[in-house]
Every structure is written in C-alpha cells, then in structure tokens.
Amino acid sequence: MVPNIHELVVEAPDVAAAIKPGQFVILRPSETGERVPLSTSDFDREAGTITCFFQVVGESTAKLALLEPGDTIPTFAGPLGLESEIENFGTVVLVGGCFGIGSIYPIARALKEAGNEAHVILEARSKYLHYWVDRHEAIADSVTLITRDGTLGTKGHVSRIPDILNKLKIKPDRVIANGCTFQMKRVSDITKPLGILTIVSMNPIMIDGTGMCGVCRLTVDGETKFACVDGPDFNGHLIDWEEFLQRRKTYYEEEIEPLRRSGTGTTVHVCRNC
Amino acid sequence: MADEKKAKKKPKINPKRISMPKQTPEERVRNFEEVALGFTPELAIQEAERCLQCKKPKCVEGCPVEIDIPGFIAKIVEKDFNGSIAVLKEKQALAAVCGRVCPQEEQCEILCILGKKMEPVAVGRLERFAADYEASQGKVEIPHIAKKTGKRVAVVGTGPAGVTVAADLAVLGHDIVMYEALHDVGGVLMYGIPEFRLPKDIVRREVDYVKKLGVEIIFDYVVGKTRTINALLEDFDAIFVGAGAGLPWFLEIPGENLNGVYSANEYLTRVNLMKGFRFPEFDTPIKRPRRVAVVGGGNVAMDSARTALRLGADESHIVYRRSREELPARLEEVENAEEEGVIFDFLTLPIRCIGNDHGWLVGMECLKMELGAPDDSGRRRPVPIEGSNFVMECEAMVASIGNSPNPLIPQTTTGLEIGRKGNIVADEETGLTSLDKVWAGGDVVTGAATVINAMGAGRKAARSMHEYLTGENNK
Ligand SMILES: Cc1cc2nc3c(=O)[nH]c(=O)nc-3n(C[C@H](O)[C@H](O)[C@H](O)COP(=O)(O)OP(=O)(O)OC[C@H]3O[C@@H](n4cnc5c(N)ncnc54)[C@H](O)[C@@H]3O)c2cc1C
Ligand SMILES: Cc1cc2nc3c(=O)[nH]c(=O)nc-3n(C[C@H](O)[C@H](O)[C@H](O)COP(=O)(O)OP(=O)(O)OC[C@H]3O[C@@H](n4cnc5c(N)ncnc54)[C@H](O)[C@@H]3O)c2cc1C
Ligand code: SF4
Ligand code: FES
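Treat the numbers as computed from the prediction; the structure is a model and nothing was measured.

(A) Up close: the pattern of salt bridges. Residues and elements named next belong to chain B. All told, the structure shown has 42 salt bridges over all chains when counted by the stated rule. Of the charged contacts, one joins Asp132 and Arg128 as a salt bridge, the two residues approaching to 3.4 Å between their closest N and O atoms. You can see Asp132 and its partner Arg128 sitting in helix α8 (residues 123–136), four residues apart, about one turn around the helix. When its relative accessible area of 5% is taken as the criterion, Arg128 is described as buried. When the shortest N-O distance is used, the salt bridge between Arg322 and Asp375 registers 3.5 Å. Remark: Asp375 occurs in the loop between β11 (361–374) and β12 (380–384) and Arg322 occurs in the loop between β8 (315–319) and α15 (331–340); sequence separation between them is 53 residues.

So, in structure tokens, the structure goes:
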C-alpha cells in the first residue's frame, strides 16, 4: 500500500458475515507461524472478504508480506473482541495512524451512519505514508492530515490535535484513536486535560485471542482486563500505560535481536511511521 | 470371599506391580520426549496375569465410564491384544490418552482387591499398552456405522468431551460437524498437557479416528463470535457444547502484570500448541529464565514445573500453600517431578510479585503457612504464620491455580442458564441445558476436572441426544 504497510484482503465468508467495526481477527501466515492479531479495516459481507492493513515489524508480519494474491493461509479466526460502541454521541473525532488509518475507517463510517458528526484526523510521518484519504473524505465531515515533515497537511504529530479542534471549531464528545501504542498514548495524554472521553484500541501481545492464556492482560482503572475478550477498546485515560508498554517488550530480545543479526529487518523501533 | 479363595489357589502372584520402563531423570529433563516408555508385550502379560478376574470387579465401580476392566486384561493374558482393545473401545474412545493421564490411583486401582494386601493391578499401564499395540500395528478398526439418520449435530470444542460425543453419534448415523476455536484438535490434550506426558501424535491419532468416522472438523471457528449458538440452531438439529474451562485464574496479588508472570495456560500453550520449544524453527518465542516458581499443586502445576526444567531453568519450584499430602496432582506425576529435581516449597503463599526498574519479575514476597482445621473440602485449611514474610527470588512465575469456563459462549447465548462460577448448567444424567436442543458436558459444566469425566459426560450426553434425535417428536 505504502512503504512498510501492506494491504491484505482475505476471503473468509463466515468472518465477513459476522464482523463489526472495532473487532479484530487472528491469522497465521504459515503452519509454523505465530498467531498474529490484526484489526479490520473493511469487510464486504457479499463478497465474503475482510481487509486488513499491517505493518512489517517482525518475523510473522514479514512472512505475511511475502504472500502473493491467491495464496491461502492456514488460520484466519474471527471476529474477536468486542465491537466498538456505536451510538449517536454527537461530535466524534477519529484519529488514525499507521494501520489505524485503515481500521478507524469502518468505525467512522458506522458512527456517521448512527448520526454523529465525524471528524477524521490521520497522521503519518510523511506524505507518501498516507493512504485511503479519499475513502475517509467520502464519509467524514472533515479530514485533517498530519505529517511529521510537513509534506502534507498540518506539520507535526498528534500534539497538534488541540489546534486542529480550534480550527474546526468543534468540541468533541468523544475521541477514538487507532494505531500504534505510542500514538494512542499521546492522544490520551492530550485529551485528558481537555476532559474528552477517549477510546483507544489496544494491541498487546496475544496468543489465542479467546481469553484462554491471559498474555493480553492490562490494567484499566486498577483492574486487570484481557484485551482480547474485554476489549480491544478501552478508555485511554484509565489505562496503566507504563505497565502496558513494558509488557509489550516481553519478547523484544528474542524477536528483534535475531532479525537484526539475520538482516531480514532493519527497523528496531517498531513503528517508524508516525 | 470367593475372590480371595481363588487368590490362595494362585499363591505366586507377584505382590509388586511390574514397573514400566522410563527415561532416566537425568536424560529426560533435557528432552521433550515421553517420560514413560510403555510395557513390552512380555511385561504387559506378566502384569495382566496378576489380575484375579474378579466376578464382581471392584475396579469397574471406580471407572467413570465403566470399562470392563477384567475383560480387557483377560485378553492381554490370552495374547489377544486386538481383542483387548476391542473390549476397551466398547466404552472408551481415547484409550491411549486415558491410559496415560487418568488418575487411576483414585479411580479403579484404589478399589482393586489386590490393593488390600499388595500393590493393585496397574490398570492404566495395561490400558495404555493395548491402545499403543493397536496403533503400532498401523490399522485401526473402524466400527460399523449405522444407516444415515439425516440428522445434523454441531459439536463445539474438540476436547475429550466433544470428541466422545462426535464419535458416539457418528457411529449411530448422525452427521456431525465439530467447531474448534484454535487451529488444532484436542483441547487441553493438545495445548495443555505437555508432550513428555502425552505425545501430541497420540492425541492426533485418537482424534483422527473421529475423522475416519466421517466427522467434519472446522478450525478457527469461535462459536459465540463467528456464529452464536442460537444462530447455529437454525442449521442443526442438536448442539453439544464441550468448550472446556479455558479462563485462567491469577492470584490477584500486586505485581501480577509484571513481565515474567504467566498463566499456566500461556506458558504451556507457547510450548505445546505453538511449539515454542522449537523456537526459532517455530516463530512463537518462550523465555528461558533461570529460576521459575510455579504456584499451585495440581497436574497443571507439575506440568509447568517440569516444562520449565526442560526449557533449561536451573531451578524449578512448586510453591504450594498446603503440604505434600494435599497435592491434588496425580501421585505418579508428583514422583516424576521430584525425581527430575523440581523443588517443592510447601506451606508457602505468595502475596506480592516484585519487579525491577524495567518491569521484570525478580522475586515474590511469600508467607509461611501452617495447617489448621479442615475446610469444606475436608482438607486442612492453610493459615498464614504472622511475620513469616520472606522473599523468594525468581525470574518467572507461573500461576497454576485453576481455570474457569470461558465466558464467550455464556455471554453470547440467549436462554442458556449459567451457574455461579460461570459454568453452563446441565443435567448431570443427560447433559441437557436450559436451552432446547442444546447439551453440554466436560469442564465447561463442572469446571476444571479430568479427561475421563469429560468423556463420561460426553457419553451420557450422546445417549440423550440420540434418544432425542430418533425419538417420536423427531421422526
Ligand atoms: C487487537 C490487535 C489488533 C492489531 N491490529 C493490527 C493491525 O491492524 N495492523 C498491524 O500492522 N498490526 C496490528 N496489531 C499488531 C500486530 O499483531 C503485531 O505487529 C504482530 O503480531 C507482530 O508480529 P511479528 O511476528 O511480525 O513481530 P514479532 O516478531 O512478534 O514482534 C516484533 C516486535 O514487535 C513487538 N510487538 C509485539 N506485538 C506487537 C503489537 N501488538 N504491536 C506492535 N508491536 C508488537 C514485539 O515486542 C517485538 O519487539 C494488532 C495487535 C492486536 C493485539
Ligand atoms: C496442564 C493440564 C494438565 C492436565 N492433566 C490432567 C491429567 O493428568 N489427567 C486428567 O484426567 N486430566 C488432566 N487435566 C484436565 C483435563 O485435561 C480436562 O479436564 C479435559 O481436557 C476437559 O475436557 P473438555 O472436553 O471438557 O475440554 P477441553 O479439553 O478444554 O476442550 C475444549 C475445547 O473447546 C474449544 N473451545 C472453547 N471455546 C470455544 C468456542 N467458543 N468455539 C469453539 N471452540 C471452543 C477449546 O479451544 C478446546 O479445544 C489437565 C489439564 C491441564 C490444563
Ligand atoms: S483389576 Fe483388581 S479389582 Fe479389577 S478384576 Fe483385576 S484384581 Fe479384581
Ligand atoms: S490473547 Fe490469550 S487471553 Fe487474550
């Protein structure tokens, strides 16, 4: 799609028939592969297909990127997790970065259909890393683009959100952010003093995605939750982010080190797009 | 009385059971291969000859699926090994599994008449022998399958409960579709119980048997999510739910979300289902910390502690709040763990996990316990000794204190009665739930229990479902 972000369209009629915005799927690229959770960016119930965007960060996503059209994968399970809350909240701001540019799209569409005023903010490091802008423009009340280098739209990163809200002259009833952890944490940090309820889609390490292993646990408002069955959406202001970031690094040594040595991957900081 | 007279006529009964060859502890802690190697035909016959062939066999009373125990043992004495497995299969679809993991010492063997004076007959080892013999011959008998009834049955979960229902109903001529949330068959047999105790090839072989009966298995299908039970009822005449008890409990103590703290499910799944022990050949990694503390005292705890050793831990501890006598694990597995060098810290209760600056576990604060008066379970209640706090250093903690039923199906099914512990409520004799056309059994009903109980529940449910499917209202 854009450098390092790949689009994956999978034919899985059962999953496509049931999936709702905000839910995710788990797939395995090969028989020896890990179970990789991915958010859904679109679904076509008639064609029976699901669209996901993924970023190559390690072994399994690298394998996924090597798939050719028409290939089959051994596992594609879903929909998993709870759907995003869709109601008429009033004015909603949707922030997408990285693969979240895609996965925020069905949520924006559903919120718009539910009668909300939906404003979309998309963030990427540079112009060439933006995608699906036209799709967002077709449904949203406004689309604001941010690039780190200023090659498109507003220059900076999500810390520009307050300026953007001022410019749009809106007071959102809710902010929803999808993307990499750092971006969602930053958005939560920014909206907290503004007192705007902020929902983020958490992406911890997972195995089964059905509540069986507990590896995906995180602390929300002092309570342990399993992201795969209690989430993935949570109130960003109540999450223990520090613990979450630590837990995400559990297998860093095992997974990143070999990549560096073998030369199959060059990125050490996982998300370099925002 | 008659039995005992017979015993006198055959005075040369070996008072000791024949021991089963095992890998030595030094050897086996370095590999994931099966610990017990099984009887040779000669050893099996010797052990089988110890059985008195009681007229009113006590052992059968203790067997949850009422296997004709003297019957299958007699066939081994006659060297009719195929005949022996045929007797087993009348009641038992997973003989190779149950021969390995059933707690025989609390079920059949504890009741064996011989046990009064000497060691009881090694029923489990003989069961395992018969099943393995059949497999080693490479041809598995397929029973006669009844004429198709045209009824369609969905079975949720491919654990022992589901597999039993599927096998029983397939033989009776019903069309069966099994739905499995994960990407492999067998439930806990596959992702929980480790390779060195229950080789995965054996699980696959036993489950393949259901496929040979014409059962269709659909993987990666999460019932409740991909489709609900209520929606499946539109396509099926009856549904059996055998979704197990997959939701892990943690101790609910501070610091439990530190890195290095696992549920036993995660720890064992990484190793078994995802083959973490073969990382990097398989992509799912597993940490290899130096000191591992496993909290709990059941089979799951033993499996985790022994897995830790095989992953190269210098020290693997079982931290249990009661004493050795109260350990709920199978005795054989406790002994195996001891032989392999697992360190048992009894009467010890962790109260806090301690982390370093990077969020990694470095130890646990524990309390020493003493045993007080018996509680509801009849076991003596552990009581903390005040001021006995101490720190146990460890880089990994594996919580193995139990599981409750997975809430996915309870949450998404309308009309299904759910018990206090999140279990599905089902009739003990028939497995019928509060929802019409839906049966349930195994761990999802009872909470974490045993393989054989899950099978027993599956068998009863299959009987009830068959009656319903062929009954008057359903012609
Ligand atoms: C509910 C959910 C939805 C997700 N949706 C998407 C999506 O739509 N698109 C997408 O590209 N990714 C998504 N992710 C993240 C994706 O699952 C991981 O990037 C992927 O599993 C990494 O696999 P790998 O083998 O390539 O990398 P690994 O070798 O497993 O990991 C490489 C590095 O990435 C880190 N890492 C591990 N898990 C994650 C994670 N969840 N996110 C980011 N880094 C991680 C590891 O700590 C390690 O340092 C989602 C995760 C969850 C839980
Ligand atoms: C480590 C460990 C060691 C054990 N050791 C012993 C032992 O030595 N002896 C003994 O007798 N017992 C032992 N047990 C207990 C025994 O394994 C279980 O009691 C038994 O497996 C229960 O069988 P079941 O069919 O009810 O469920 P499970 O074996 O749990 O199978 C349930 C299946 O349903 C699937 N499932 C769940 N939810 C869904 C859904 N929504 N949609 C589709 N599929 C779903 C699961 O993925 C799973 O495959 C052990 C358990 C563990 C964890
Ligand atoms: S196993 Fe023991 S109780 Fe059972 S028939 Fe043989 S001697 Fe009797
Ligand atoms: S991924 Fe295993 S419990 Fe959530």
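Next comes the rest of the write-up.
(B) Fine view of helix α6 (residues 181–194) of chain A. All names here are of chain A. Between its first and last C-alpha, α6 extends 20 Å over 14 residues, near the 20 Å set by a 1.5 Å rise per residue. For α6, the complete set of buried residues consists of Thr181, Gln183, Met184, Val187, Ser188, Ile190 and Thr191. Where the residues of α6 are buried, they touch β7 (91–97), β8 (117–124), α5 (161–168), β11 (174–178), β12 (198–201) and α8 (241–248). Looking one or two places after α6, you find Gly195, whose phi comes out positive at around 70°.

(C) Expanded view of the site of ligand 2. Residue and element names in this part refer to chain B. Looking at ligand 2, there are 35 residues lining it, with Val101, Glu180, Arg197, Val223 and Asp443 nearest. For ligand 2, a nitrogen atom lies 2.5 Å from a polar atom in the backbone of Val101. In this structure, an oxygen atom belonging to ligand 2 sits 3.1 Å away from a main-chain N or O atom of Val188. Elements with a minimum of two residues in the shell around ligand 2: α9 (160–171), α14 (299–310) and α18 (451–470). Here the shell around ligand 2 gets three residues from one element, more than from any other, and that element is α14. Its residues placed into classes, the shell around ligand 2 shows 20 nonpolar, 10 polar and five charged.

(D) Expanded view of the domain arrangement of chain A. All names here are of chain A. Taken domain by domain, chain A consists of domain 1 (5–80) and domain 2 (91–248). Its C-alpha centre places domain 1 at a distance of 21 Å from the equivalent point of domain 2. Each partner contributes to the interface: domain 1 provides 17 residues, whereas domain 2 provides 19 residues. Summed over both sides, the interface of domain 1 with domain 2 buries roughly 1,500 Å², with 64% coming from carbon and sulfur. The tally of links from domain 1 across to domain 2 stands at two salt bridges. Counting across the domain 1 and domain 2 interface gives six residue pairs in polar contact (both at pLDDT 80 or more). Going through the elements one at a time, β1 (5–11), β2 (24–28), β3 (36–39), β4 (42–44) and β5 (49–55) are the ones with two or more residues in the side of domain 1 that touches domain 2. Top element by residues in the side of domain 1 that touches domain 2 is β5. It accounts for three residues.

(E) Focus on the site of ligand 1. All names here are of chain A. Surrounding ligand 1, one finds 25 residues, the nearest of these being Pro37, Phe53, Gln55, Thr61 and Asn203. Interatomic distance of 2.7 Å between a backbone N/O atom of Phe53 and a nitrogen atom of ligand 1. With respect to ligand 1, the backbone of Gln55 contributes an N or O atom lying 2.7 Å from an oxygen atom. For ligand 1, the protein covers 94% of the area, taking 860 Å² as the surface of the free molecule. Where the shell around ligand 1 is concerned, the elements lending two or more residues are β3, β5, α2 (59–65) and α9 (252–262). Tallying contributions element by element places β3 first for the shell around ligand 1, with four residues.

(F) The arrangement of the interface of chain A and chain B in detail. At the interface, 45 residues of chain A touch 39 residues of chain B. For the pair chain A and chain B, the summed buried area comes to about 3,300 Å², and 53% of that belongs to carbon and sulfur atoms. Summed over the shared surface of chain A and chain B, the number is zero salt bridges. Counting across the chain A and chain B interface gives 16 residue pairs in polar contact (both at pLDDT 80 or more).

Conventions used here
- Residues numbered from 1 in each chain as written.
- Chains lettered and ligands numbered in written order.
- Predicted model: local features only at pLDDT ≥ 70, side-chain atom pairs only at ≥ 80, totals over all residues.
- Heavy atoms only, no water.
- Salt bridge = Lys/Arg side-chain N within 4 Å of Asp/Glu carboxyl O.
- Helix = DSSP H or I, 4+ residues; strand = E, 2+ residues; numbered from the N terminus.
- Buried < 20%, exposed > 50% of the residue type's maximum accessible area, 1.4 Å probe, protein only.
- Expected span 1.5 Å × (residues − 1).
- Contact = heavy atoms within 4.5 Å.
- Near = heavy atom within 4 Å.
- Polar contact = N/O pair within 3.5 Å; in protein donor to acceptor, adjacent residues only side chain to side chain.
- Nonpolar A, V, L, I, M, F, W, Y, C, P; charged D, E, K, R; others polar.
- Domains from an automatic or database assignment.
- Buried area = accessible area lost by both parts, 1.4 Å probe.
- Areas by Shrake-Rupley, 256 points an atom, 1.4 Å probe, with all protein chains shown as cover.

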